[in-house]
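The primary structure of each chain is shown beneath.
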Amino acid sequence: MCGIVGAIGERNVTDVLIEGLRRLEYRGYDSAGLAVVDQGAVVRERQPGKVQALADAAHAADVHGRLGIAHTRWATHGAPTQCNAHPHMSGDIAVVHNGIIENYESLRERLQGEGYVFTSQTDTEVVAHLIQSELKQGGDYFQAVRRAVAQLHGAFALGIVRACEPDRLLAVRQGSPLVVGLGIGENFISSDQLALLPVTNRFIYLEEGDFIELARNRVSIWNAAGEPVRRPAVELDATLHASSKGGYKHYMLKEIYEQPAAVQRTLNGRISDGRVAVDAFGPQAAELLAKARHIQILACGTSYHAGYVAKYWFEAIAGVSCHVEVASEFRYRTTVLPADTLIVTISQSGETADTLAALREVKARALGALCICNVPTSTLVRESDLAFITHAGPEIGVASTKAFTTQLVALMLLVLATGRRQGTLSAERERDIVQQLGTLPALLDGVLALDKDIERIAEEFGEKHHTLFLGRGAQYPVAMEGALKLKEISYIHAEAYPAGELKHGPLALVDNDMPVVAVAPKNDLIDKLKSNLQEVRARAGVLYVFADHAADVRPEAGIKVFPMPSVADEVAPIVYTVPLQLLSYHVAVIKGTDVDQPRNLAKSVTVE
Ligand code: G6P
């Protein structure tokens, strides 16, 4: 999704801006641009396509200056063209923007009436003209920007520079992420701290409504009420954020292979004496978990699938009713919450706009809000009563892998802690499941050893247009996640079905051109699932089945079986996720797609 980088310093900031944009590339974008203030003028470069194209253009034109803003754009209003790329300008003002200005059409009409000429289809361009229009009303630059921002509706983060103001960078955070990075004699802004790690590890996390003025040696912040405020600076352990491909061809493959270690990190410090540590979810957790009569899970994308698995676990293991819903639906419908509902949000980034909005909408009506998140400094963590950090490490591939499996581990710990507090789970069963969680790193290593076999069969998917994924029980959301992975990165249409629903429609699609992937561990439903697989085989569908020995699925013509390790039912969804990740990865490589940055998608969706 769109990214912002801004810098003011004693040195030429062009390279800082470009390196920052490179570090935001993983989030997804389709054009890039920058503007620097140089000798009383704003110099701008914009390019559709990759940051490298912008870097080449900026270096060819020798763009330099000591104050600048830069942007990667993920098109919402208007195609990914040079005209629509940020920064947008009005006279001597240049603006970069993340988020959406909801009232841009009425503002645009009004500004056109005042004689302003628009050169893009974006909502952002109104911001530049509006500031210019306010400047013409008199008063100083700072006040003009404040008056302009007060007229904007929607969720946004802005970075603003002006040709005749070489000593200040103005910025606003209102509903879209923005952090300040603190240097020595230089300061920065970015929509993601990862962008600034080459230049600083000291950050100020802003609040909604904050207005910021950066000078080289000073950062001034005003809150939503216009009062000057001080926000604490936080020092990050930069080594935690080291991100390179480490010899792998893609970040996604590296992150798939990191799962045994990532899962171990999620468990570390959370287990005590063979049970979930009492304070694993924070000091207030005991009371909230004991009181919760209902769990409402809210999330988007892959995180939603993690929540869907947890729904099965909450009801089967902790005996607590649980609903799960995509946040973008939940936030806009009239909802009735059962008494004493605990809200559980799940998000890798902690910045997903719909998840945050759903939390804000429901929080006051709920018993409390707990989040499972990978980014301790994120907005979601700050706005939740309780937070559990997954410690998956930075995830760069847009298609989520290790974030998902660590979310599942976190959710299982939460289910166990809830069952214990509610008195519905025996100490013996808790110990048993905790022990199974402890075997996960070794089990996942075992599954990764299937990589070469999976790579070989991936060829058979390369020419296909559709694929069906089947599972039952808690393996159904695993099938959903498998289908999502395949469509995200290989662009093959993939759908997941609970296998029992096959004959209510999707069976009509099955023929010898439709690969059907099934996750089939030995469990109470295996015989039912095997009957469903026979229904597929009887229609000449080609089956790819991931099954353990005890499931006793026999390979034969049209049925390929991948031998999975035997694994206890409770943790099987975590183990069966991994071969589906590998399958989608290898199919995407064969198809030659952009695995880490698939078209049209973003890593962190900070607009609705
Ligand atoms: C985007 C990403 C997905 C992710 C989803 C939710 O769609 O491409 O990988 O699952 O957002 O993100 P979150 O950070 O809230 O887990």
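Here we summarise the structure given alongside this text. Predicted model, so just to flag it, every value in this text is computed and none were measured.

About the criteria used
Residues numbered from 1 in each chain as written. Predicted model: local features only at pLDDT ≥ 70, side-chain atom pairs only at ≥ 80, totals over all residues. Heavy atoms only, no water. Helix = DSSP H or I, 4+ residues; strand = E, 2+ residues; numbered from the N terminus. Rg over C-alpha atoms; globule rule 2.2 N^0.38 Å. Buried < 20%, exposed > 50% of the residue type's maximum accessible area, 1.4 Å probe, protein only. Contact = heavy atoms within 4.5 Å. Areas by Shrake-Rupley, 256 points an atom, 1.4 Å probe, with all protein chains shown as cover. Lys, Arg positive; Asp, Glu negative; His and termini not counted. Charge placed at Lys NZ, Arg CZ, Asp CG, Glu CD. Near = heavy atom within 4 Å. Polar contact = N/O pair within 3.5 Å; in protein donor to acceptor, adjacent residues only side chain to side chain. Salt bridge = Lys/Arg side-chain N within 4 Å of Asp/Glu carboxyl O. Pairing = 2+ DSSP bridges. Axes fitted to C-alpha atoms, helices over the stretch in contact; angles between N-to-C directions. Disulfide = S-S within 2.5 Å. Right-handed = clockwise from strand over helix to strand, strands pointing away. Parallel < 35°, antiparallel > 145°, perpendicular 65-115°, else oblique. Core = buried A, V, L, I, M, F, W, Y, C linked by side-chain atoms within 4.5 Å.

### Side note on the overall build of the chain
Turning to step 1, where the next piece is worked out: Check the secondary structure of the chain and you find 19 helices and 27 strands.
Turning to step 2, where the next piece is worked out: Relative to the globule expectation of 25 Å for 608 residues, the C-alpha radius of gyration of the chain, 26 Å, shows essentially globular dimensions.
Turning to step 3, where the next piece is worked out: C-alpha extents for the chain along the principal axes are approximately 80 × 55 × 45 Å.
Turning to step 4, where the next piece is worked out: In the chain, which comprises 608 residues, the proportion classed as buried is 61%.
Turning to step 5, where the next piece is worked out: Sequence separation of at least 24 residues holds for 72% of the intrachain contacts in the chain that already meet a minimum separation of 6.
Turning to step 6, where the next piece is worked out: With the model as given, the accessible surface of the chain reaches about 22400 Å², and the carbon-plus-sulfur share is 49%.
Turning to step 7, where the next piece is worked out: Charge-centre separation for the chain: the mean point of 59 positive side chains lies 1 Å from the mean point of 71 negative side chains.

### Remarks on the environment of Asn103
Turning to step 1, where the next piece is worked out: Mapped onto the elements, Asn103 comes out in the loop between strand S6 (93–101) and helix H3 (104–113).
Turning to step 2, where the next piece is worked out: Sequence-wise, Asn103 and Gln151 are 48 residues apart; in three dimensions their C-alpha atoms are separated by 8.8 Å.
Turning to step 3, where the next piece is worked out: Excluding residues that lie within four positions of it along the chain, Asn103 makes contacts with Gln151, Leu152 and His153.

### A word on the site of the ligand
Turning to step 1, where the next piece is worked out: Surveying the vicinity of the ligand reveals 13 residues, the closest of which are Ser303, Ser347, Gln348, Ser349 and Thr352.
Turning to step 2, where the next piece is worked out: For the ligand, an oxygen atom lies 3.0 Å from a polar atom in the backbone of Thr302.
Turning to step 3, where the next piece is worked out: For the ligand, an oxygen atom lies 2.6 Å from a polar atom in the side chain of Ser349.
Turning to step 4, where the next piece is worked out: The protein chains hide 90% of the 390 Å² of surface that the ligand would expose on its own.
Turning to step 5, where the next piece is worked out: For the shell around the ligand, the element with the most residues is helix H9 (residues 301–318), which contributes three residues.

### Considerations on the pattern of salt bridges
Turning to step 1, where the next piece is worked out: In this structure the tally under the stated criterion is 36 salt bridges.
Turning to step 2, where the next piece is worked out: Note that Glu165 is salt-bridged to Arg168, the shortest N-O span being 3.1 Å.
Turning to step 3, where the next piece is worked out: A salt bridge links Glu208 to Arg173; the shortest N-O distance between them is 2.9 Å. With a gap of 35 residues between them, Glu208 in the loop between strand S11 (202–205) and strand S12 (210–214) and Arg173 in strand S8 (residues 169–174) connect regions that are remote in the sequence.
Turning to step 4, where the next piece is worked out: Taking the relative accessible area as the measure of exposure, Glu208 reaches 28% and is therefore partly exposed.

### Some details on the sheet that holds S6
Turning to step 1, where the next piece is worked out: The antiparallel open sheet is built from seven strands, whose spatial order is S5-S6-S7-S8-S12-S13-S14. If you trace the sheet from one side to the other, it starts and ends with strand S5 (88–90) and strand S14 (228–229), each paired once.
Turning to step 2, where the next piece is worked out: Note that S6 and strand S7 (residues 154–162) share nine bridges and pair antiparallel. Its bridge partner lying in S7, Val96 is registered against Gly159.
Turning to step 3, where the next piece is worked out: Packing against the sheet, helix H5 (residues 141–150) makes contact with S6, S7, S8, S12 and strand S13 (219–222), and its axis sits at approximately 160 degrees to S7.

### Overview of the state of the cysteines
Turning to step 1, where the next piece is worked out: In this structure the tally under the stated criterion is zero disulfides.
Turning to step 2, where the next piece is worked out: Looking at the unpaired Cys322, the closest cysteine sulfur is the one in Cys371, lying at 16 Å.

### Details of the pairing of strand S19 (residues 321–326)
Turning to step 1, where the next piece is worked out: Pairing geometry for strand S18 (residues 294–299) and S19, over six bridges, is parallel. Its bridge partner being in S19, Ala299 is matched across the sheet by Val326.
Turning to step 2, where the next piece is worked out: As a crossover connection, the stretch from S18 through H9 into S19 is right-handed.

### Let's talk about the packing of H9 against helix H17 (residues 475–490)
Turning to step 1, where the next piece is worked out: With their axes 8 Å apart at the nearest point, H9 and H17 run at an angle of 170 degrees to one another. In this view, H9 runs roughly antiparallel relative to H17, as classed from their interaxial angle. Between H9 and H17, the contacting residues are Gly301, Thr302, Tyr304, His305, Tyr308, Val309 and Tyr312 on the first element and Tyr476, Pro477, Val478, Met480, Glu481, Leu484 and Lys485 on the second.

### Description of the side chain of Lys402
Turning to step 1, where the next piece is worked out: Secondary-structure assignment places Lys402 in helix H13 (residues 402–422).
Turning to step 2, where the next piece is worked out: Judged by relative accessible area, Lys402 falls into the buried class, the value being 2%.
Turning to step 3, where the next piece is worked out: With residues near it in sequence (within four places) discarded, Lys402 still touches Glu255, Glu258, Gln259, Ala262, Ala392, Gly393, Pro394 and Glu395.

### Some thoughts on the nonpolar core
Turning to step 1, where the next piece is worked out: In this structure, Phe281 and Val344 are the most contacted members of the largest nonpolar core, which totals 92 residues.
Turning to step 2, where the next piece is worked out: Here Val344 is in contact with Ile295, Gln296, Ile297, Leu298, Leu370, Ile372, Leu411 and Leu414, once residues within four sequence places are set aside.
Turning to step 3, where the next piece is worked out: The next biggest cluster of nonpolar side chains, apart from the first, holds 30 residues, and it includes Val16, Tyr29, Tyr205 and Ile396.

### With respect to the environment of Met89
Turning to step 1, where the next piece is worked out: Structurally, Met89 is set in strand S5.
Turning to step 2, where the next piece is worked out: Owing to a relative accessible area of 19%, Met89 belongs among the buried residues under this scheme.
Turning to step 3, where the next piece is worked out: Taking the C-alpha atoms as reference, Met89 lies 9.5 Å from Arg162; in sequence the two are 73 residues apart.
Turning to step 4, where the next piece is worked out: In contact with Met89, other than residues within four places in its own chain, are Val42, Arg44, Ala94, Ala128 and His129.

### Things to note about the pairing of strand S25 (residues 515–520)
Regular strands show a simple pattern: their side chains alternate between the two faces of the sheet.
Turning to step 1, where the next piece is worked out: Here S25 lies mainly inside the structure; six of its six residues are buried.
Turning to step 2, where the next piece is worked out: Covered by surrounding structure in S25 are Pro515, Val517 and Val519 together with Val516, Ala518 and Ala520, the residues of both alternating faces.
Turning to step 3, where the next piece is worked out: Sheet topology places strand S23 (residues 466–471) next to S25; three bridges connect them, and they run parallel. Opposite Phe469, over in S25, you have Val517 as the bridge partner.
Turning to step 4, where the next piece is worked out: One ladder, built from six bridges, connects S25 with strand S26 (residues 542–548); its direction is parallel. Of the residues in S26, the one forming a bridge with Pro515 is Val542.
Turning to step 5, where the next piece is worked out: The parallel pair S25 and S26, bridged by helix H18 (residues 526–537), forms a crossover whose chirality is right-handed.

### Some details on unusual backbone geometry
Turning to step 1, where the next piece is worked out: In the segment running from His86 into Pro87, the intervening peptide bond is cis, with an omega of 0 degrees.
Turning to step 2, where the next piece is worked out: Locating Pro87 in the fold gives a position in the loop between strand S4 (67–73) and S5.
Turning to step 3, where the next piece is worked out: The phi dihedral of Tyr491 falls on the positive side, at around 65 degrees, and the residue is not glycine.
Turning to step 4, where the next piece is worked out: Among the structural elements, Tyr491 can be located in the loop between H17 and strand S24 (493–498).

### Quick word on helix H11 (residues 353–362)
Turning to step 1, where the next piece is worked out: Judged by how many residues are buried, H11 sits mostly within the fold: eight of ten residues are covered.
Turning to step 2, where the next piece is worked out: Regarding H11, the residues found buried are Ala353, Asp354, Thr355, Leu356, Ala357, Ala358, Leu359 and Val362.
Turning to step 3, where the next piece is worked out: At its buried positions, H11 is contacted by S18, helix H10 (327–330), strand S20 (341–347), strand S21 (368–373) and helix H12 (379–383).

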